[in-house]
Amino acid sequence: MTTITAERDALYDRLIVERARAPLYAGRLDEPDLQGDGRNPLCGDKTHLDIALNGHHIRDIRHQTRGCAICTAAADLMVEHVRGGTVAQAVEMSERFRAMLVGPSPVVEGQSAPLGALEVFAPLRSHKARIRCAELPWIALKEAFSHVDG
Amino acid sequence: MTTITAERDALYDRLIVERARAPLYAGRLDEPDLQGDGRNPLCGDKTHLDIALNGHHIRDIRHQTRGCAICTAAADLMVEHVRGGTVAQAVEMSERFRAMLVGPSPVVEGQSAPLGALEVFAPLRSHKARIRCAELPWIALKEAFSHVDG
Amino acid sequence: MSMHPPSTRAAPQLDVQAIRQQFPILGERVHDRPLVFLDSAASAQKPNAVIDSMANTMRHQYANIHRGLHWMSERTTEAYEGVRDLVADFLNAPSREEIVFTRNSTEAINLVAHSFGALLRPGQAVLVSQMEHHANLVPWQMLRERAGIELRIAPITDAGDLDMDAYSALLADGKVALVAMTHMSNVLGTITPARQIADLAHAAGAQVLFDGSQSVVHHKTDVQALGADFYTFTGHKLYGPTGIGVLWARRDLLERMPPFLGGGDMISTVTFEHATWANIPHKFEAGTPAIVETIGLGAAIEWVSKIGFDAIAAHEADLTAHALERLVGVPGLNIVGSPRVRGGVGSFTMADVHPHDIATLLDRNGIAIRAGHHCAEPLMRRLGLSATARASFGIYTQKEEIDVLADTLVRIRDFFV
Amino acid sequence: MSMHPPSTRAAPQLDVQAIRQQFPILGERVHDRPLVFLDSAASAQKPNAVIDSMANTMRHQYANIHRGLHWMSERTTEAYEGVRDLVADFLNAPSREEIVFTRNSTEAINLVAHSFGALLRPGQAVLVSQMEHHANLVPWQMLRERAGIELRIAPITDAGDLDMDAYSALLADGKVALVAMTHMSNVLGTITPARQIADLAHAAGAQVLFDGSQSVVHHKTDVQALGADFYTFTGHKLYGPTGIGVLWARRDLLERMPPFLGGGDMISTVTFEHATWANIPHKFEAGTPAIVETIGLGAAIEWVSKIGFDAIAAHEADLTAHALERLVGVPGLNIVGSPRVRGGVGSFTMADVHPHDIATLLDRNGIAIRAGHHCAEPLMRRLGLSATARASFGIYTQKEEIDVLADTLVRIRDFFV
Ligand SMILES: Cc1ncc(COP(=O)(O)O)c(C=O)c1O
Ligand SMILES: Cc1ncc(COP(=O)(O)O)c(C=O)c1O
């Protein structure tokens, strides 16, 4: 047991496992302004987003995810973090999240704006093949935002 | 000089070089009973045979060869050896010649009928890529004989 | 569940420790744990015999082949062509000229889809099964687009066996020109009843291709006894190099088929107007082949043959039995399929834990398995799964490694539930 | 005759002795003589850097790539995909995604003939030159049969240069969709004026493919500066492994082209009904690639790049000048062609001595050259020859070896005359 829960998986932070088991923001919205989908054909992971806007603000957002623990928790924690903010803030957060995972060098603490709980995914840097699991909800978000404006 | 003419080319016996330079049986026959052609597209080597029969005997035979020294000498020496004999003897000699070059084990002297001067080609065994040069006239001979009977 | 081949006499014992000594990579550590490599079905590790034969070729005896008149070229040609003899022997092929070297199984099947496919006409059909690797499905879909042929899919049973009645029914109208079927599933481990498949196909006027990518590794292959018309395999799963695969096909088929790739070495003569083709097998080997890899494949075949398939099959049957026993004991674990005859490859899922999470957590403990659709998406859909975890066993696998796998799976489940 | 590239600054010196130390095979003896290897244009020998990188991959860090979630697979994927970056850099390609790995040049050209060829229609033409290797002729002849396109042949001058007026004339009607031309002749050593060829082709609405099999070895390649649309080369001539080649093509072309081979890794999703393709470059890489060979190619490119093409080109220009000087002095010897710009490859014939006899007798003295039609039969016919002898120089060739060649040729001539 210890070998699993201890250092051996910094990768699977308690938070990830909890959110995967019992997501706080799973579900659908009745009349979403935006919707987005992400799909990873490699493993069949899927996530669907419903977004309700209030001007440029994300008034509410819910996800429906079928996937691995990392994908599910990433969706749930993303929703938690972008909820209530602006679209621009969400886009910016998405970029920082991506930089944390695949940017040129590991994000130095305190150097850029902190990602809060989203930093539990930082150890994925060294597990390239799993990065797309954490990115999938953000891809769905980007798709949803592509309908904004115009 | 010595390094070329000595042991270094048992492969190019004096006889081969002489016959390549000045073949004794080059030319055409006026009214051949059989003709055969051999061609090696790899190097452009060509040989043409004219054969005059007397019953089952090879009354006369001439070759016209454009090729390397080994091919030309092989044609000239083949003609010399099959001339005057029967078709069956030539076929049998062809088989022994082939066995000498590519048979399962080197022909042991005195074990099968000797090939006489044709044995100058025996060192080709270890130069697989050149064996087809020596075989080309025999292929032409086989082609010529394929018209016998019938 | 029985093992293949059913061994009547006492099978020779494999000295697994001695074998492991010959695989340097098995001494590596991963995430600070000894490597437990249970992913041989994706690609096997290489013994010193293979590594050294490749390195020594490049160190001591190498040149381009076939066209060279010099010593290095002639010796390298002999080594390369010698492997054709070894492969013919390995498959019990009637003739060395029926052995065509390709990059891998995938290219071998594509070669058949192009060159045999060129002989097919609309109205004819190719028949594959529901458990094909993409390598034996996509080339036929592409042929369908090109040539307007029909593609039929033979269903499998819930246990993971070919549904023989449905298979027969699909052959009944005589339109099937080629059955292209796996000889062993890379997901379920199913070993298909090749001889029966071939007999039924032949009775219906079809030729048969077996994708032997998985199966040649685990037991002795005899293309004549199987009644195959085409057979393919891939070097890297047979403890050999990457970049080298094999197509065997009946001589008359190869002779009728047009060439696939054009270039040097596959021609007899070329003018600007026209080219004529070399004899088989060279007609199908264009350009400089994977010379060193072919020689390495020869080393792999010699190495495997020296150990012998009696011992290998017995060892793997043993491992598979042990694995089934141990995995059944893991809470929440479900083994996918229960085919009648199986090789040393098995898929499983676990309630509440996604296969990707299983794979990553096993990896953190030094254990390498695969997770995903295993290049068999349609089979996944048939099974109602989006992914599985897969463990596969090789000549170097030890029972203790399976125990480590099972114990770690128990801990992973606990972690998530 | 000038050398390529015209070097303005003083070129760095190559320490040939130090380089030779890195090629174990150069210490071998043949027929009791030290090996003099003048057949690098057929396939180059391999430095320890390449041999060791392949062996060490197999010894310490190997698994199948792309689909694996475990450490060995991820590290091997990184190594493999890292070579794509190296190759993009090596060719100065705009993007790593434009690099497709193939078995060799031959397969790369066949890939274009199939996939770009699938976009061509009767009435369109492909234009090649009279000095193509069969690899850049036969695939287009086969495409002509399949697709009903026209194949045009641009003539060369007696000196062995592309006849630029005739070339322009063949482009004039605007029907040529693709010019496929060698960047360096493997028989004459001619380096073709690629930029000019490309500009004329583009002005006439054609795309351009350069067969860089010979040329990438001898000088720095910049596909953007050349104005190429497709570029191909082969690892084994670049001191790299067999079984690995490269196609570079412009992104928009690759994106428009349908895939070539079908199978694993080249798909996005597959159902029984339909498959959708992966993004470039993966769309063109079906099945398990030549993983270890790709890594070995990376080692070769790093090794060559460290030495640098300034030094390499200067060394080879030096050797070529020396060879021309020495060979002209051999009685009865005739050097075939005198192209304006040439690389370290040259053909010759000798009055009264057939090229095959030259090659065999040189071999008896430890000297490896090629003799024959060099997979360029139509060029031979154009030259009125059935075969030539060819000597080619590499990074490890010494002037002394050229002296041994020339001296031995004199003795061979004496022997026959
Ligand atoms: C100019 C040229 N093109 C193409 C090729 C074919 O290369 P490969 O046989 O590696 O495909 C060669 C070498 O044989 C060549 O010299
Ligand atoms: C059953 C089966 N067929 C075909 C293949 C394809 O083999 P390769 O990728 O070596 O072409 C594989 C392995 O990936 C396989 O398991």
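Each remark here, short or long, concerns the structure printed above.
Given the structure is predicted, the values throughout are model-derived calculations rather than measurements.

## Some words on the pairing of strand 6 (residues 125-129) of chain D
All names here are of chain D. For strand 6, the tally of buried residues reaches five of five residues, placing the bulk of the element in the interior. What you see with strand 6 is no split at all: Ala125, Leu127 and Ser129 on one side and Val126 and Val128 on the other are buried throughout. Across five bridges, the pairing between strand 6 and strand 7 (residues 150-154) is parallel. Its bridge partner lying in strand 7, Val126 is registered against Leu151. On the question of chirality, the crossover connecting strand 6 to the parallel strand 7 by way of helix 5 (residues 138-147) is right-handed.

## Quick word on the side chain of Gln207(C)
Residues and elements named next belong to chain C. Positionally, Gln207 belongs in strand 9 (residues 207-211). Residue class for Gln207 comes out buried when judged on its relative accessible area of 18%. At a separation of 3.0 Å, a polar atom in the side chain of Gln207 contacts the side chain of Arg250. Once you skip the residues sitting within four places of it in the chain, Gln207 turns out to touch Phe116, Ala177, Leu178, Val179, Asp229, Phe230, Arg250 and Leu253.

## Describing the site of ligand 2
By nearness alone, 16 residues border ligand 2, and Thr106(C), Asp211(C), Thr234(C), Lys237(C) and Thr288(D) come closest of all. Residues near ligand 2 are shared among chains C and D, making this a multi-chain site. Measuring from an oxygen atom of ligand 2, one finds a side-chain N or O atom of His133(C) at 3.1 Å. In this structure, a nitrogen atom belonging to ligand 2 sits 2.5 Å away from a side-chain N or O atom of Asp211(C). Its free accessible area being 390 Å², ligand 2 has 95% of it covered by the protein chains. Its residues assigned to classes, the shell around ligand 2 comprises two nonpolar, twelve polar and two charged.

## Some words on the sheet that holds strand 3 (residues 57-66) of chain A
Adjacent strands of a sheet pair through backbone hydrogen bonds, lying either parallel or antiparallel. Residue and element names in this part refer to chain A. Across the sheet, three strands lie side by side as 1-2-3; this open sheet has antiparallel pairing. With partners counted over all chains shown, the strands left at the sheet margins are strand 1 (34-40) and strand 3, one partner each. Strand-to-strand twist of the sheet, defined as the mean angle between neighbouring strand axes without regard to direction, takes the value 15 degrees. On the sheet, helix 3 (residues 69-82) packs against strand 2 (45-54) and strand 3 and is oriented at approximately 175 degrees with respect to strand 3.

## Observations regarding the relation of the copies chain D and chain C
When chain D is brought onto chain C, the operation consists of a screw motion whose angular component is 180 degrees and whose axial shift is 0.0 Å, with 0.0 Å RMSD remaining. A rotation of that kind, with that shift, is consistent with a two-fold axis. Taking C-alpha positions as the reference, the residue of chain D nearest the rotation axis is Gly243(D), at 2.9 Å. Interface residue correspondence from chain D to chain C reaches 99%, placing this contact among same-surface, isologous pairings.

## Description of the packing of aromatic side chains
Applying the stated criterion across every chain, the model contains 29 aromatic pairs over all chains. Ring centres of Tyr12(A) and Phe415(C) lie 6.4 Å apart, and the angle between their planes is 80 degrees; this geometry places the pair in the edge-to-face category. Remark: Phe415(C) occurs in helix 14 (residues 399-416) and Tyr12(A) occurs in the loop between helix 1 (2-5) and helix 2 (14-21); the pair is interchain, linking two chains. As far as burial versus exposure is concerned, Tyr12(A) and Phe415(C) are alike and both buried. An angle of 70 degrees between the planes, with centres 5.3 Å apart, marks the rings of Phe116(D) and Phe230(D) as edge-to-face. With Phe116(D) in the loop between helix 4 (105-115) and strand 6 and Phe230(D) in strand 10 (residues 230-234), this residue pair connects regions lying 114 residues apart in the sequence. With relative accessibility at 4%, the residue Phe116(D) sits in the buried group. Grouping aromatic residues by their ring pairs yields a cluster made of Phe23(C), Tyr239(C), Trp303(C) and Tyr396(C). In this structure, Lys220(C) is placed above the aromatic ring of Phe90(C), and the distance from its NZ or CZ to the ring centre is 5.8 Å.

## A look at the interface of chain B and chain C
Contacts between the two partners involve nine residues from chain B, matched on the other side by nine residues from chain C. Of the roughly 610 Å² buried at the junction of chain B and chain C (both faces included), carbon and sulfur atoms supply 52%. Across the chain B-chain C interface, the total number found is one salt bridge. Lys128(B) is paired through a salt bridge with Glu78(C); the nearest N and O atoms lie 3.5 Å apart.

## Observations regarding unusual backbone geometry
All names here are of chain C. Cis geometry marks the peptide bond from Ile280 to Pro281, where omega comes out at 0 degrees. On the secondary structure map, Pro281 appears in the loop between strand 13 (275-277) and helix 10 (291-307). The phi torsion at Asn92 lies on the positive side, around 50 degrees, for a residue other than glycine. Tracing the chain through its elements places Asn92 in the loop between helix 3 (71-90) and strand 5 (99-102). Positive phi is not limited to glycine here, since His374 has a value of about 55 degrees. Its location among the elements puts His374 in the loop between strand 18 (370-372) and helix 13 (377-383). With a relative accessible area of 8%, His374 lands in the buried category.

## Describing the site of ligand 1
Around ligand 1 lies a shell of 16 residues, among which Thr288(C), Thr106(D), Asp211(D), Thr234(D) and Lys237(D) are the nearest. Chain contributions to the surroundings of ligand 1 come from chains C and D. A distance of 2.5 Å separates an oxygen atom of ligand 1 from a polar atom in the side chain of Thr106(D). A distance of 3.2 Å is found between a nitrogen atom of ligand 1 and a side-chain nitrogen or oxygen belonging to Ser213(D). For ligand 1, the accessible surface in isolation is 390 Å², of which the surrounding protein chains cover 96%.

Conventions used here
- Here the residue numbers are simple positions, counted from 1 along each chain's written sequence.
- Whichever chain is written first becomes A and whichever ligand is written first becomes 1, with later ones labelled in order.
- Only residues with pLDDT of at least 70 are given local features in this predicted model, and only at 80 or more are side-chain atom pairs given and counted; all residues enter the totals for whole chains, interfaces and linings.
- Note that the side-chain values use all heavy atoms of the structure and ignore hydrogens as well as water.
- Buried, partly exposed and exposed residues are distinguished by accessible area as a fraction of the type maximum, computed with a 1.4 Å probe on protein chains only: under 20%, between the cut-offs, and over 50%, respectively.
- Only DSSP runs of H or I with at least four residues qualify as helices, and only runs of E with at least two residues qualify as strands; both kinds are numbered from the N terminus onward.
- For two strands to count as paired, DSSP must find a minimum of two bridges between them.
- Here the term right-handed applies to a crossover when the path leading from its first strand over the helix to its second strand runs clockwise, the strands being oriented away from the viewer.
- Distance and chemistry together define a polar contact, namely a pair of N or O atoms within 3.5 Å, with one atom able to donate a hydrogen and the other to accept it when in protein, and with adjacent residues in sequence counting only for side-chain atoms on both sides.
- A contact between two residues is defined here by any heavy atoms of the two lying within 4.5 Å.
- Definition of nearness: a residue and a molecule or strand are near each other if at least one heavy atom of the residue lies within 4 Å of the molecule or strand.
- Values of accessible area rely on a 1.4 Å probe in the Shrake-Rupley scheme; residue burial ignores everything except the protein chains shown.
- Each residue receives one of three labels: charged for Asp, Glu, Lys and Arg, nonpolar for Ala, Val, Leu, Ile, Met, Phe, Trp, Tyr, Cys and Pro, and polar for the others, Gly being one of them.
- Axis definition: a line fitted to C-alpha atoms, over the contacting stretch in the case of helices. Angles run 0 to 180 degrees between N-to-C directions.
- For the least-squares superposition of copies, only C-alpha atoms count, and only for residues with pLDDT at least 70 in both.
- Pairing of aromatic side chains here covers Phe, Tyr and the six-membered ring of Trp, requires ring centres within 6.5 Å, and sorts the geometry by plane angle: under 30 degrees stacked, over 60 edge-to-face, intermediate tilted.
- We call a charge positioned above a ring when the Lys NZ or Arg CZ atom is no farther than 6 Å from the ring centre and deviates by at most 35 degrees from the ring normal.
- Throughout, the accessible surface (probe 1.4 Å) given up by two parts as they are put together, summed over both, is called the buried area.
- Criterion for a salt bridge: a side-chain nitrogen of Lys or Arg within 4 Å of a carboxyl oxygen of Asp or Glu.

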